[in-house]
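Listed here are the chains, written in short residue letters.
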Amino acid sequence: MGKNYEVSRHDMVPEHEVIPGEKVEELLETYEIDVRQLPKILVNDPVAKEMETEPGDVLRVVRKSPTAGVAVSYRLVIER
Amino acid sequence: MAEPKQIGSIQFGLLSPKEIRKLAVTKIITPDTYDDDGYPIDLGLMDPKLGVIDPGLECKTCGGKPGECPGHFGKIELAAPVIHAGFARLIRKIMRATCRECGELSLTEEEKEGYREEIEKLKSLQQPIDDVRRDAFKEARKGSTCPSCGSDMSDVKFDRPTGYYVNDQKLMPTEVRDWLAKVPDEDLLVIGMNPEMARPEWMVLDVLPVPPVTMRPSITLETGQRSEDDLTHKLVDILRVNQRFQENQEAGAPQLIIEDLWELLQYHVVTFFDNHVSGIPPARHRSGRPLRTMAQRLKGKEGRFRSNLSGKRVNFSARTVISPDPNISVNEVGVPETIAKELTVTMHLTERNLEIARDTVLRGPDSHPGANYVRRADGRKQRISDKNREELAEKLEVGWQVDRHLKDGDVVLFNRQPSLHRMSIMAHEVRVLPYKTLRLNLCVCPPYNADFDGDEMNLHVPQTEEARAEAEVLMKVQNQMLSPRFGGPIIGGIHDHISGAFLLTERGSRFDRDDATELLRRAGIFELPEPEGQEDGQPYWTGGGLFSQLLPEDMDLRYTDSSGEPVIIEGGELVEGRMDDRAFGAFSGEILDALLKEYGVREARRFLDNATRVAIHAITKLGFSFGLSDEDLPDEAGTQIADVMTSADEKVENLIETYELGELDAIPGRSLEETLEMRIMQELGEARDQAGSIAEKFLGEDNSGVIMAVSGARGSMLNLTQMAASVGQQSVRGERITRGYRERTLPHFERGDLGTAAKGFVQSSYKDGLTPTEFFFHAMGGREGLVDTAVRTAQSGYMQRRLINALQDLNVKEDGTVRDTRDTIVQMIYGDDGIDPSKSDYGEAVDVERIAERVTGRSP
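Being a predicted model, the structure only gives us computed values, none of them experimental. (Residues numbered from 1 in each chain as written. Chains lettered and ligands numbered in written order. Predicted model: local features only at pLDDT ≥ 70, side-chain atom pairs only at ≥ 80, totals over all residues. Heavy atoms only, no water.)

*Asks:* Give a description of the overall build of chain A that names residues and reports values.
*Replies:* For chain A, the count of helices and strands is 2 helices and 4 strands. Considering only C-alpha atoms, chain A reaches an extent of 45 × 30 × 20 Å along its principal axes. Long-range contacts, defined here as pairs at least 24 residues apart, represent 55% of the contacts in chain A between residues at least 6 apart. Accessible surface computed for chain A: about 5600 Å², of which carbon and sulfur atoms make up 48%. The averaged location of the 16 negative side-chain charges in chain A is 8 Å from the averaged location of its 11 positive side-chain charges. (Helix = DSSP H or I, 4+ residues; strand = E, 2+ residues; numbered from the N terminus. Contact = heavy atoms within 4.5 Å. Areas by Shrake-Rupley, 256 points an atom, 1.4 Å probe, with all protein chains shown as cover. Lys, Arg positive; Asp, Glu negative; His and termini not counted. Charge placed at Lys NZ, Arg CZ, Asp CG, Glu CD.)

*Asks:* Run through the sheet that holds strand β20 (residues 538-542) of chain B, naming residues and quoting values.
*Replies:* All names here are of chain B. One open sheet holds the 3 strands; their spatial order is β18-β20-β19, and the pairing between them is antiparallel. Two strands in the sheet have a free side with no partner beyond their single neighbour: β18 (510-511) and β19 (533-535). As defined by bridge partners, β18 adjoins β20 across 2 bridges and the pair is classed as antiparallel. If you follow Phe511 over to β20, its bridge partner there is Trp541. (Pairing = 2+ DSSP bridges.)

*Asks:* Could you give an account of helix α21 (residues 601-622) of chain B, naming the residues involved and the relevant values?
*Replies:* With 22 residues, α21(B) extends 31 Å from end C-alpha to end C-alpha; this agrees with the ideal 32 Å at 1.5 Å per step. Looking at the residues trailing α21(B), positive phi occurs at B:Gly623, about 85 degrees. (Expected span 1.5 Å × (residues − 1).)

*Asks:* Requested: an account of the packing of aromatic side chains, with residues and values cited.
*Replies:* For any two aromatic rings, the description comes down to two numbers: the centre-to-centre distance and the angle of the planes. Residue and element names in this part refer to chain B. All chains considered together, the criterion is met by 10 aromatic pairs over all chains. A ring pair is formed by Phe414 and Tyr448, whose centres lie 5.7 Å apart and whose planes are at 80 degrees; its orientation type is edge-to-face. With Phe414 in strand β14 (residues 411-415) and Tyr448 in helix α14 (residues 445-448), this pair connects stretches of sequence that are 34 residues apart. Residues Phe486 and Tyr842 carry aromatic rings whose centres are separated by 6.4 Å and whose planes lie at 20 degrees to one another, so their mutual orientation is stacked. In this pair, Phe486 is assigned in the loop between α15 (465-475) and α16 (496-504) and Tyr842 in the loop between β30 (825-827) and α27 (848-856), connecting sequence segments 356 residues apart. Overall, Tyr842 belongs to the partly exposed group, its relative accessible area being 36%. Feature note: the residues Phe486, Phe587 and Tyr842 constitute an aromatic cluster, connected by ring pairs. Across from the ring centre of Tyr34, 4.2 Å away, lies the NZ or CZ of Arg226, which sits over that ring. (Phe/Tyr/Trp six-rings, centres within 6.5 Å; stacked < 30°, edge-to-face > 60°. Buried < 20%, exposed > 50% of the residue type's maximum accessible area, 1.4 Å probe, protein only. Lys NZ or Arg CZ within 6 Å of the ring centre and 35° of its normal.)

*Asks:* Account for the pairing of strand β3 (residues 58-65) of chain A, with residues named and values stated.
*Replies:* Residue and element names in this part refer to chain A. In terms of strand pairing, strand β1 (residues 15-19) meets β3 through 5 bridges, oriented antiparallel. Counted as the bridge partner of Ile19 is Val58 from β3. In terms of strand pairing, β3 meets strand β4 (residues 69-78) through 8 bridges, oriented antiparallel. Considered in β4, the bridge of Val62 is made with Val72. Once β3 ends, the chain turns through 3 residues before running back antiparallel as β4.

*Asks:* Let's hear about the environment of A:Val35: which residues, and what values?
*Replies:* Residues and elements named next belong to chain A. With respect to the element layout, Val35 can be found in the loop between α1 (21-31) and β2 (40-42). Since its relative accessible area comes to 28%, Val35 is described here as partly exposed. Placed 22 residues apart in sequence, Val35 and Asp57 show a C-alpha to C-alpha distance of 9.7 Å. Excluding anything up to four places from it in sequence, Val35 contacts Val24, Leu28, Val58 and Leu76.

*Asks:* I'd like a rundown of the pattern of salt bridges, residues and numbers included.
*Replies:* Residues and elements named next belong to chain B. Taken as a whole and judged by the stated rule, the model has 51 salt bridges over all chains. In this structure, Arg819 engages Asp815 in a salt bridge whose closest nitrogen and oxygen atoms are separated by 3.1 Å. Each of Glu104, Glu109, Lys112 and Asp187 takes part in one network of salt bridges that share partners. (Salt bridge = Lys/Arg side-chain N within 4 Å of Asp/Glu carboxyl O.)

*Asks:* Run through the environment of B:Ala501, naming residues and quoting values.
*Replies:* All names here are of chain B. Inspection of the secondary structure puts Ala501 in helix α16. With 254 residues separating them along the chain, Ala501 and Gly755 place their C-alpha atoms 46 Å apart. Residue contacts for Ala501: discarding those within four places in its chain leaves Met579, Phe584 and Ala615.

*Asks:* Explain a nonpolar patch on the surface residue by residue, including any values.
*Replies:* A surface patch of nonpolar side chains, about 390 Å² in accessible area, is lined by B:Val846, B:Val848, B:Ile851 and B:Val855. Along the chain, B:Val846 falls in the loop between β30 and α27. (Patch = residues over 30% accessible without salt bridge, like charges linked within 9 Å, V, L, I, M, F, W, Y side chains within 5 Å.)

Structure representation (structure tokens):
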């Protein structure tokens, strides 16, 4: 394994993307929730680390689903 | 009713000695309970201030009568402090982390501050602080000198349950208490303790709270003798030792005796809290039975939590043996009259039901649709008896309530344990029937997993209008026909329903007018369709034509049955094919599935009720039986099977020979031995299949066993093969049988024999009977099967318990998200697709092809 190994390029790792602040607001409004009610991901999660996220960022995760084809989910980055 | 209040927070803590003393309404000194006249002794364990249990007396503290007074705590002032065994490990942890001299946690100020901040932060996030606490303890234990006072810190040894040693010197509880008392409040925050709620020295008991008599009532035996509760016995022990300790201390007894008594007092207090602490023998009753003290009351399956809080016993319920009734609807349950007269439903009287209620009350409690109680408008309840029923019926007024007997049409819940899925409890309509068993339609056997070898089931009567409505809409059998497991019907025909329909719809089956009328009558159809044709001047009807009468007139459907033959329904007519388990069987019924999804549950239920009734009538009419002689094969078949067996034997011998000569070619990735085994297994499998097809050929399609197997009613061709032709290879762990003696399975064989018989191949059929060696191998294989099922049920049961505990509080909100009790999102959309599997088409949201077919009227 060389130095430029990226977990996000692995087949089994779903697509992650940081969403901008205003989109977060929108998201929270649609679900009528507080950020803390979102599912969470640790900053030191390999993917979050690779994307250089900060606690408080919200990630959009798009994964393949056996039932729905594609499933979109959101995760709040939290400190360890 | 008082407005329900929200629980703001729950605080757990330790009782401080101060609080224990404040809580106590009296101190307890005497180890006696009642005097010679049977009155409780003051300052004794049954002191009247502790509450009342005897009817007719009043509590000396609150004045309440038995049932009103919750009881009050007392206290025992211990002559010497003792360790609370439940906290012994925590005490050890704290002593190891703190300095004996100054009591401070052996961490630097910066470290302490760091941990405190971390705990503060986690608490504000409502996250568990366990990891931080563990770290803090681990760090604090590391140093060998105290960072604040510089004194040596030697390790604390611990001897279960309550012994502590420093440098091999035993610490008396007083010393432990003094040590713990020295730990400063700020340092407690570091290890996650709240000093206001729980100071560590409170874990050493100076004063013992005495539980109220209401939680340890004494019982009077028939002999008039009083028998005390186990807790009272334990408290007596504590008081006795306490007294002796005090006397000895005052008399200035030698230290050795004092320490012995101290040890004894410690033992009694430990067992008072928990009588199953490891390291000490459990305290026993005079009879030798171990005492059931505090911890035992709460712990385990028979403890307060699992037995009384998670599992409550209820009123308005019944349980008895079940038996089948093919003539009631799947929606119904047959209730014995004796049960119907015991279970009641409350009638709220209005102008409209007053007369009905009057009749009901007049019938009294003993004749069936009667009533047991009336409740007047002021809430007074009166039992209806044979004597007062006329008077009460006369007096009935609007606003009164009448508890009337259960009667036909009432909605009840019906349940069979183990309640593994939601179909284990369903709502049924009552049918009051004679005799003493609960009756159910056979189609609901699969969801309940019920049979009639002595199974019992439970019945519950919902008591409010809301509950009844909810049960009917959500839980009624007809609304539970589609399983949330796979989106297909879980309720459907079984056994004779399938055989019956199979025989009825056989090609060329004909019925005359009388038989046809009688058959359709079972489905509530009183008019015959046009006859199919004439024979000898008499009109006749085909089975398929009659069965078509049960289908909706506009139904179109195509599917393949379980033998792979097409079944075509056009315009509500069965045009081609035969009814088998794929038609309306449980777990697989295609017609049932289509009806449920396209015509609604009512139509599907009606079809199932009618089809099964007709099928049962058909099979009764046509006659159907299966016995030993149905497994008879002609001599010719026997010879053919014997030939197959001999040739298989020969082939195996040849294989072994080539193996022994070293000429066998190994399958890639396998050793020679494995290859040989696989080839032999394959050969023997083929031999049995061949024997099976010979048997099938000779048994013929008319054989009852074959009919059941082919229609999917019960059993398989493999079962028939084993009965009639050959049982086949027995296996343990997926291999031919190899275990037993050295290099052989049984002494009947030569060492190293790899032949068929020596390794568990059963040539005989069940009908012929097995040879002794075959029988033994069969028992080996059979035992493995039994063990596997036993292990599997235990494992899956435990897995389900854990899953349920983890998932029980999740629910799907209006916006489709799955959330827990704190409204945290667990899944953005339920199941990623938001589909309720029990409303789906085998897991898919819609069957587009089927819809297109229905809209365009074209079949694909």
